[in-house]
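Residue-level listing of the chains:
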Amino acid sequence: MEFIDLKAQYQAARPGIDARIQAVLDHGQYIMGPEVAELETRLAAYTGARHCITVSSGTEALLVSLMALGVRPGDEVITTPFSFIATAEAIVLLGAVPVFADIDPASCNIDPGLIEGRITPRTRAIMPVSLYGQPADMDEINAIATRHGLAVVEDAAQSFGATYRGRKSCNLSTIGCTSFFPSKPLGCYGDGGAIFTSDAGLAQAMREIRVHGQSRRYVHTRVGVGGRMDTLQCAIVLAKLERFEWELAQRARVAAAYDAMFSGRLGMVGRGRDRSSVFAQYTVVVDERERVQSVLHAAGIPTAVHYPVPIHMQPAYAGLSAEGGCPVAVAMAARVLSLPMGPYLDPAAATEVAATLLQAVGEPLPGGADLLEATAP
Ligand SMILES: *Cc1c(COP(=O)(O)O)cnc(C)c1O
């Protein structure tokens, strides 16, 4: 069993992907070829945002966003300590300071109730992360930002395709950033990312920053980066977009199979009724995680931990402001466990994974002995 089966995904989508790759090889415009604008138009329409700017990775998307917002050395950006390192890294790379607000133990997303107390005259932006594929409490966060004149950048690297109160992730705030890292819900076959906004001025700034701050050829109006997403990767995402809704439905089926087994028996990351998750990860909450992981490993079931150490406890980030030490993030980091997930995982296989896990933690299986026999290897 694979944690995320990218080979099965390629085989299923192969004709479309191969044709798209061949078209790029035939026209030879490897940088800023026609597939780049085509993808940007398609993704903007999908999310409902007016503008989409593809970039070389999700990390670059965050960096370019903050540059366009004018984040400078000494500025502060409020974010969550319970994320992939790139969230805080983009802030630090600009000389700005990540200020951590603790997470909600139910969703593992930033707790909006803790944000306002962390705002200072130096705060420029709030950067929530839509972790595991589920949007953060964006309306509450946007309301705080509006009161204080701040921008909101959604790190939607894990949540492209998710919905929140009838709107799509990436189109929920000033700017939304996503990643096409291969294992993300919508992945390419290398590095890639995209930025979304409905603000024409910010969109123009981000387009320029992506190509070395260039407003016209060899006219550098601002300081930028080399942050383009290449044509081949855009072509691959275009091909994969054709099957994306179907894949999300398959992910939801796998999640439902897990839910049916775990509900009432095991700690799970909570999900709001007003939003959907695209299940970048299906994550449970367990005690004795290492022991549980080794039982699953012995049964041939791969697992992962997202994330074992909160950002404010990483060596390079220690000493940053994390009021009270963000105890919820610390506690969750010790207990979360992500299970195999993906559109090509058979829900019946997910049920077997769940049965093995329930046995490992000493919980009775739903349906009792029947299911135990049915799922015995
Ligand atoms: C994957 C990820 C990123 C970085 O995306 P890359 O494309 O790998 O640079 C940023 N933030 C979060 C929450 C992520 O999961």
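The protein goes by DegT/DnrJ/EryC1/StrS family aminotransferase in an unreviewed UniProt entry, where it is assigned to Massilia cavernae. Quoted verbatim from the Sequence similarities (unreviewed entry) field of UniProt, the annotation for the protein is "Belongs to the DegT/DnrJ/EryC1 family."

> Teacher, can you tell me more about helix α7 (residues 231-241) here?
In an α-helix, one full turn covers 3.6 residues, which means residues spaced three or four apart are oriented alike. By the criterion of burial, α7 is predominantly enclosed, with ten of the eleven residues buried. Where α7 is buried, its residues touch α1 (6-27), α2 (34-47), β1 (51-55) and α8 (244-262). Looking at where α7 begins, the residue whose side-chain oxygen comes 3.1 Å from the main-chain nitrogen of L232 is D230.

> Mind showing me how you'd approach the UniProt feature "modified residue: N6-(pyridoxal phosphate)lysine" (unreviewed entry) in the protein here?
In this numbering, the UniProt entry assigns the feature "modified residue: N6-(pyridoxal phosphate)lysine" (unreviewed entry) to K184. Positionally, K184 belongs in the loop between β8 (175-179) and β9 (193-197). With sequence-adjacent residues up to four places away left out, K184 is seen in contact with A157, S179 and R251.

> It is not clear to me how the pairing of strand β2 (residues 76-79) should be interpreted in this structure. Could you clarify?
Successive side chains on a regular strand alternate, one facing one side of the sheet and the next facing the other. Across the two faces of β2 the burial is the same, with E76 and I78 and V77 and T79 all buried. Inspection of the sheet shows β2 paired to strand β3 (residues 97-100) by four bridges, in the parallel sense. In the sheet register, E76 faces β3, and the bridge partner there is V97. Crossover handedness for the path β2 to helix α4 (residues 86-93) to β3: right-handed. In the sheet, β2 pairs with strand β4 (residues 123-127) via four bridges, with the strands oriented parallel. Counterpart to I78 in the pairing with β4 is I126.

> What is the right way to read the sheet that holds β4 from this model?
Two modes of strand pairing occur in sheets, parallel and antiparallel, and in both the strands are linked by backbone hydrogen bonds. A sheet is described by the order of its strands in space; here seven strands give the open sequence β1-β9-β8-β5-β4-β2-β3, paired in mixed fashion. What marks the edges here is a single partner per strand, and that holds for β1 and β3. When strand polarity is set aside, the average angle formed by the axes of neighbouring strands in this sheet is 25 degrees. Inspection of the sheet shows β8 paired to β9 by four bridges, in the antiparallel sense. Bridge pairing in β9 links G176 to F196. Along the sheet, helix α3 (residues 58-68) makes contact with β1, β4, β5 (151-155), β8 and β9, crossing β8 at roughly 160 degrees.

> Just to check I follow, could you spell out the sheet that holds strand β14 (residues 336-339) for this structure?
Read across the sheet, three strands follow the order β12-β13-β14 without closing on themselves; strand pairing throughout is antiparallel. The open sheet has two edge strands with one neighbour each: β12 (267-268) and β14. Two strands pair when backbone bridges link them, and β12 and strand β13 (residues 282-285) are joined in this way by two bridges, in the antiparallel orientation. Across the sheet, M268 pairs through a bridge with V284, a residue of β13.

> For this particular structure, what's the right way to read the side chain of N109?
Mapped onto the elements of the fold, N109 is located in the loop between β3 and β4. Here L131 takes part through its backbone nitrogen, which lies 2.9 Å from a polar atom of the side chain of N109.

> Looking at this model, I keep getting lost on the UniProt feature "active site" (unreviewed entry) in the protein. Mind explaining?
The positions that UniProt labels "active site" (unreviewed entry) are, in the present scheme, K184. Given a relative accessible area of 18%, K184 falls into the buried group.

Here is what the cut-offs are and how they apply
Residues numbered from 1 in each chain as written. Predicted model: local features only at pLDDT ≥ 70, side-chain atom pairs only at ≥ 80, totals over all residues. Heavy atoms only, no water. UniProt positions renumbered as here; feature names shortened; annotations may be inferred. Buried < 20%, exposed > 50% of the residue type's maximum accessible area, 1.4 Å probe, protein only. Helix = DSSP H or I, 4+ residues; strand = E, 2+ residues; numbered from the N terminus. Contact = heavy atoms within 4.5 Å. Polar contact = N/O pair within 3.5 Å; in protein donor to acceptor, adjacent residues only side chain to side chain. Pairing = 2+ DSSP bridges. Right-handed = clockwise from strand over helix to strand, strands pointing away. Axes fitted to C-alpha atoms, helices over the stretch in contact; angles between N-to-C directions.

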